[in-house]
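If you want the building blocks of each chain, they are given just below.
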Amino acid sequence: MNTRLRNFIYIFFVLLFCSNTAYSQLPAIKGIITDRETKQAVEDVIISIDEINSHTHSDATGTFSFAVIPAGTYMITFNKLGYETQKLIVNLPANETKELGITLVFNPNTLSVIDIQAERAVSAASSAYLSKVDFENRPKNSAQDMLRLVPGLFIAQHAGGGKAEQIFIRGFDCDHGTDVATFVDGIPVNMPSHGHGQGYEDLHFLIPETVKGMEIFKGPYSPEYGDFATGAAVQFNTMDTLENNLFQLEGGYVPNVQDITSKRALAMIEVPRFSSSVSSYFAAEIMNNRGYFEKSQDFNRFNLFSKTTFSINEHSKLSFSASGFGSSWNASGQVPERMVKTEGISRFGSIDDSEGGATQRNNFNLIYHTDVKGGSFETQVYASNYRFKLFSNFTFFLNDSINGDEIEQDDNRIIRGMNLRYTIPHQLGNMKNKFTAGASFRDDEITNQLWHAVKRRRLEARAHALVHQRSSGIYFNEAFHINEHLRIELGGRYDYFIFDVEDQLPADSIHINYSDYNYQALFSPKLNCVYTATNRLQFFLNAGSGYHSNDARSVVQQQDDHRLPRSVGAEIGSLAHIGNKAVLSAALWWMDLENELVYVGDDGTTENKGSSRRSGIDLSIRLQLNQWLFADAGINVSKNSFTDTLFGKQLSQDYYVPLAPIATSAGGFTMKLKNGFEAGIRYRYMADRPANESNSVIAHGYNIIDFSAGYKMKRVRIGLSIENLLNTDWNEAQFDTESRLQYESQPVDELHFTPGTPFYSKLSIGYLF
């Protein structure tokens, strides 16, 4: 066993033993929540106790617990969308566990007023918690599509379905994840110093049906999240137990293909329990997608996931999960507009049909959680093994008129890491505060390669480096509850990076060897203020600093200039419940970024875009129109510009941030009937935006309509989803690229794009048992 990993596990079990033996006889509250009419368990109920400033959620079996809390009298509040709010007074004697049986009354006539102080999120409009109810009937082909549930976040696929999607949020073109930090059960998804792009974020290893909830934090205001959490941080949490076993089959159809386009099979099985304190399940999916292009994309994906949870005692649990993922695909690449306009090829054709790739990832995750005196302690160790190979050709014959410009990008790595988090409520004068402290460590051993290729055959090496990158961070947050209306949170995060690069290519007249070593550190302060006027009206002010790291190869080559680029931002906004029928939220935000240094994996160079500024407004509304019909809409507008320095003057009005979203909107109507039938129709809109700095090339906007419907019986569930209901021609990914076709004498600089999904219908049938 690797020495580092062995040390991680040793520390993990020492902490587990110490924390578990310290609190074995302290009082606790636990219970099971059921629906009064159906007698079924109710999942994702928010249970909060204001006296200890703590809250939790019920799991798939309706179970919840508050362990190791002081004896006393508590008011417990139970909230869930579509149910009447319930409050219960509980007297908890010393050294006793109080077991509760809670029944909630289903009431679709009210848009539940969730106590906004109960949410863990540091702010209202810029942060959110989404449960299975929010996404289980939305159209999705992978967990990557679930990112669309983040308000104001848009994604774009442009490589046959297997490559990580391009992400847009709050004025950022995040490439494949540079400014959005993503986690699954605490395991970081983003890949620093990746062979294709910094912060590469591939979520295809996550089976969507295993997700029980998503935590969303916009902006760099939460001290728990460090690298890449500039535009947002998203945490996916998987289920501990299954409510039902499930077998499900899916088939997709695109009219122009005239065949079953996609096929997917899913199985989720709860392992029979040999002990009441142990629960375990596994999930497996296999998928093949031909795609809607003229040449089959032949996208194959396999996923296997297993999770086991041990209840050590009333207040402690240990969970272990493992997953295996593999996929391969072909891609038609990006299409130059001139070829479509002259009918040289169709929108779904290709110039170089040898593009594509393959990737795999294995994850192992061990988490220990215990409740401690009204707070909690959690420690985690994880390890991942990752492989990636991608063939692309963006410029066709611009650089090599004979063989073409195809490249192969490889990234192989082993990841090890550890996270610690401790939260404890405490009294400070008359204030009931909560203190949180944590630490993280991550170690990446990486092999990166870049090759010139032709038809997936290697010609010459252009880059080959061994990268050893380590990062560690500590953070703290003190929540001051000044009174029942005002909460102020002061926090900070300190991060330390070590970059060690060994260039494997020999130095010659063309290539300069850049093997070197560098370290960097950064402190990021955070401030969050929340004023709760009533349980229906809240105002907030957030401010803070964050960063996204640079590629290690870039860092060691230009050590003075390529430091950790600081981002500084703030937002002000409100959240308001209007009667029982509407919820409004608004946030006015601003962010300056010190330096947009981007490692361009396509040619192994670093692009310095300079300092930038983004500002905008996020608006959203949720409505209940009648007993069974709901509506929601969100509008996101931003202004994006380059500046001469951090907090400096804006550069010329005619100098634009390429591909930065200017205006986006998403929303729709959802129908939910008591008989188990649900349906929804939704839109997603993105406005035209500059594709280059001069705005001479425009990335075209779009407005797409999607439809979904589902019917759930006791043992069977049926679903139908239709993407692009109106069969609109639209561009999903777009770039201003200089390219040359083989017969052209001069290169052409114009828009290149990947066409978006045409009319696509998918039918799913699942058997529950």
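Residues numbered from 1 in each chain as written. Predicted model: local features only at pLDDT ≥ 70, side-chain atom pairs only at ≥ 80, totals over all residues. Heavy atoms only, no water.

**Section: the overall build of the protein**
Item 1. Scanning the protein from terminus to terminus reveals four helices and 46 strands.
Item 2. For the protein, the C-alpha radius of gyration of 26 Å lies close to 27 Å, the compact-globule estimate for 769 residues.
Item 3. Its C-alpha atoms give the protein principal-axis dimensions of roughly 85 × 55 × 55 Å.
Item 4. Taking all 769 residues of the protein together, 58% fall into the buried category.
Item 5. Residue pairs in contact within the protein that sit at least 24 positions apart in sequence constitute 65% of those at least 6 positions apart.
Item 6. By element, 57% of the accessible surface of the protein is carried by carbon and sulfur atoms, the whole surface being about 30,400 Å². (Helix = DSSP H or I, 4+ residues; strand = E, 2+ residues; numbered from the N terminus. Rg over C-alpha atoms; globule rule 2.2 N^0.38 Å. Buried < 20%, exposed > 50% of the residue type's maximum accessible area, 1.4 Å probe, protein only. Contact = heavy atoms within 4.5 Å. Areas by Shrake-Rupley, 256 points an atom, 1.4 Å probe, with all protein chains shown as cover.)

**Comments concerning a nonpolar patch on the surface**
Item 1. Residues Leu-541, Ile-572, Leu-588, Ile-617, Leu-619, Ile-635 and Val-637 make up a contiguous nonpolar surface patch of about 560 Å² in total accessible area.
Item 2. Elements represented by at least two residues in the nonpolar patch include exactly β36 (611–624) and β37 (629–643).
Item 3. Relative to the helices and strands, Ile-617 is located in strand β36.
Item 4. The exposure class assigned to Ile-617 is partly exposed, which follows from its relative accessible area of 32%. (Patch = residues over 30% accessible without salt bridge, like charges linked within 9 Å, V, L, I, M, F, W, Y side chains within 5 Å. Salt bridge = Lys/Arg side-chain N within 4 Å of Asp/Glu carboxyl O.)

**Some thoughts on the pattern of salt bridges**
Item 1. Under the counting rule described, the total for this entry stands at 33 salt bridges.
Item 2. Residue Glu-285 pairs with Arg-301 through a salt bridge whose shortest N-O separation is 3.0 Å. Note that Glu-285 is positioned in strand β20 (residues 278–289) and Arg-301 in strand β21 (residues 299–313), a separation of 16 residues in sequence. When sorted by exposure, Glu-285 lands in the same class as Arg-301, which is buried.

**Side note on the pairing of strand β30 (residues 516–534)**
Within a regular strand, the side chains alternate between the two sheet faces.
Item 1. Judged from the 16 bridges that link them, strand β29 (residues 486–503) and β30 form a sheet pairing that is antiparallel. Each bridged residue has a counterpart across the sheet, and for Asp-495 the counterpart in β30 is Leu-522.
Item 2. Looking at chain direction, β30 and strand β31 (residues 537–547) are connected through eight bridges and run antiparallel. Paired with Asn-528 across the bridge in β31 is Asn-542.
Item 3. Between the end of β30 and the start of β31, which pair antiparallel, lie two residues. (Pairing = 2+ DSSP bridges.)

**Describing the sheet that holds strand β3 (residues 54–57)**
Item 1. Strand order in the open sheet formed by four strands is β3-β2-β5-β6, and the pairing between neighbours is antiparallel. Looking at strand neighbours, the two that pair on one side only are β3 and β6 (86–92), the edges of this open sheet. Strand after strand, the sheet turns through a mean of 25° between neighbouring axes, direction not considered.
Item 2. Inspection of the sheet shows strand β5 (residues 72–79) paired to β6 by seven bridges, in the antiparallel sense. (Axes fitted to C-alpha atoms, helices over the stretch in contact; angles between N-to-C directions.)

**Some remarks on the nonpolar core**
Item 1. Grouped together as the largest cluster of nonpolar side chains are 27 residues, with contacts concentrated most on Leu-147, Leu-203, Leu-206, Met-214 and Phe-236.
Item 2. Those residues in contact with Leu-147, other than ones at most four positions away along the chain, are Leu-153, Ile-155, Ile-167, Glu-201, Leu-203, Val-234 and Phe-236.
Item 3. If you look at the next biggest cluster of nonpolar residues, it comprises 19 residues, including Ile-33, Val-42, Val-45 and Ile-76. (Core = buried A, V, L, I, M, F, W, Y, C linked by side-chain atoms within 4.5 Å.)

**Describing the sheet that holds strand β23 (residues 335–336)**
Item 1. Within the open sheet, the three strands sit side by side as β23-β45-β44. Their pairing is antiparallel. Two strands in the sheet have a free side with no partner beyond their single neighbour: β23 and β44 (731–739).
Item 2. Across two bridges, β23 lies against strand β45 (residues 748–755) in antiparallel orientation. Within β45, the residue paired with Pro-336 across the bridge is His-752.

**Digging into the packing of aromatic side chains**
Item 1. In the structure shown here, the tally under the stated rule is 19 aromatic pairs.
Item 2. Between the aromatic rings of Tyr-281 and Phe-305, the centroid separation amounts to 6.1 Å while the plane-to-plane angle is 55°, which identifies the pairing as tilted. You can see Tyr-281 sitting in strand β20 and its partner Phe-305 sitting in strand β21, a full 24 residues away along the chain.
Item 3. Taking the relative accessible area as the measure of exposure, Phe-305 reaches 10% and is therefore buried.
Item 4. Chaining the aromatic ring pairs together yields one cluster made of Phe-64, Phe-66 and Phe-78.
Item 5. Residue placement shows Arg-689 over the ring face of Phe-168; its charged tip is 4.9 Å from the ring centre. (Phe/Tyr/Trp six-rings, centres within 6.5 Å; stacked < 30°, edge-to-face > 60°. Lys NZ or Arg CZ within 6 Å of the ring centre and 35° of its normal.)

**Some details on the environment of Ala-283**
Item 1. On the secondary structure map, Ala-283 appears in strand β20.
Item 2. The class of Ala-283 is buried, set by a relative accessible area of 0%.
Item 3. In sequence terms Ala-283 and Asn-303 are 20 residues apart; their C-alpha atoms lie 8.0 Å from each other.
Item 4. When neighbours within four sequence positions are excluded, Ala-283 is seen to be in contact with Ile-207, Thr-210, Ala-267, Met-268, Asn-303, Leu-304 and Phe-305.

**Some remarks on the side chain of Asn-79**
Item 1. Within the fold, Asn-79 resides in strand β5.
Item 2. Using a relative accessible area of 2% as the deciding quantity, one classes Asn-79 as buried.
Item 3. Within the local environment of Asn-79, its side chain forms a polar contact with the side chain of Thr-85, the two groups lying 2.6 Å apart. (Polar contact = N/O pair within 3.5 Å; in protein donor to acceptor, adjacent residues only side chain to side chain.)

**Remarks on the confidence of the model for the protein**
Item 1. Considering every residue of the protein, the mean pLDDT works out to 88; 90% of them sit at 70 or more.
Item 2. Strand β13 (residues 187–188) holds the highest mean pLDDT among the elements of the protein, 98, whereas helix α1 (residues 3–22) holds the lowest, 54.
Item 3. Counting interchain partners and residues more than four positions distant, the pLDDT-below-50 stretch residues 21–25 has six contacts.
Item 4. Overall, residues 112–125 carries pLDDT values under 50, and its contacts beyond four positions in sequence, including any with other chains, amount to 62 contacts. (pLDDT = per-residue confidence, 0-100.)

**Points about unusual backbone geometry**
Residues apart from glycine generally show negative phi values, whereas peptide bonds are mostly found in trans.
Item 1. We note that Ser-193 has phi near 55°; this positive angle belongs to a residue other than glycine.
Item 2. Secondary-structure assignment places Ser-193 in the loop between β14 (190–191) and β15 (200–201).
Item 3. For Ser-193, a relative accessible area of 0% puts it in the buried group.
Item 4. One non-glycine residue, Asn-695, lies in the positive phi region at around 65°.
Item 5. With respect to the secondary-structure elements, Asn-695 resides in the loop between β40 (689–690) and β41 (698–699).

**Focus: the environment of Ile-415**
Item 1. If you trace the backbone, Ile-415 turns up in strand β26 (residues 407–428).
Item 2. Take Ile-415: its relative accessible area is 1%, and that puts it in the buried class.
Item 3. The spacing of Ile-415 and Ile-187 is 228 residues in sequence and 10.0 Å in space, taken between C-alpha atoms.
Item 4. In this view, Ile-415 contacts Met-191, Tyr-382, Ala-383, Ser-384, Arg-442, Asp-443 and Asp-444; residues no more than four positions away in its chain are not counted.

**Here we look at the environment of Phe-540**
Item 1. Topologically, Phe-540 is positioned in strand β31.
Item 2. Here Phe-540 falls in the buried class, since its relative accessible area comes to 3%.
Item 3. In this structure the C-alpha to C-alpha distance between Phe-540 and Leu-575, which are 35 residues apart in sequence, comes to 8.5 Å.

**What about the pairing of β26?**
Item 1. Of the pairings in the sheet, the one linking strand β25 (residues 375–392) to β26 comprises 17 bridges and is antiparallel in character. Along β26, the bridge assignment pairs Glu-378 with Arg-421.
Item 2. Examined bridge by bridge, β26 and strand β27 (residues 431–454) share 22 bridges and lie antiparallel to one another. Bridge pairing links Thr-423 to Thr-436 in β27.
Item 3. Hairpin connection from β26 to β27: two residues lie between these consecutive antiparallel strands, with Gly-429 at a positive phi of about 65°.

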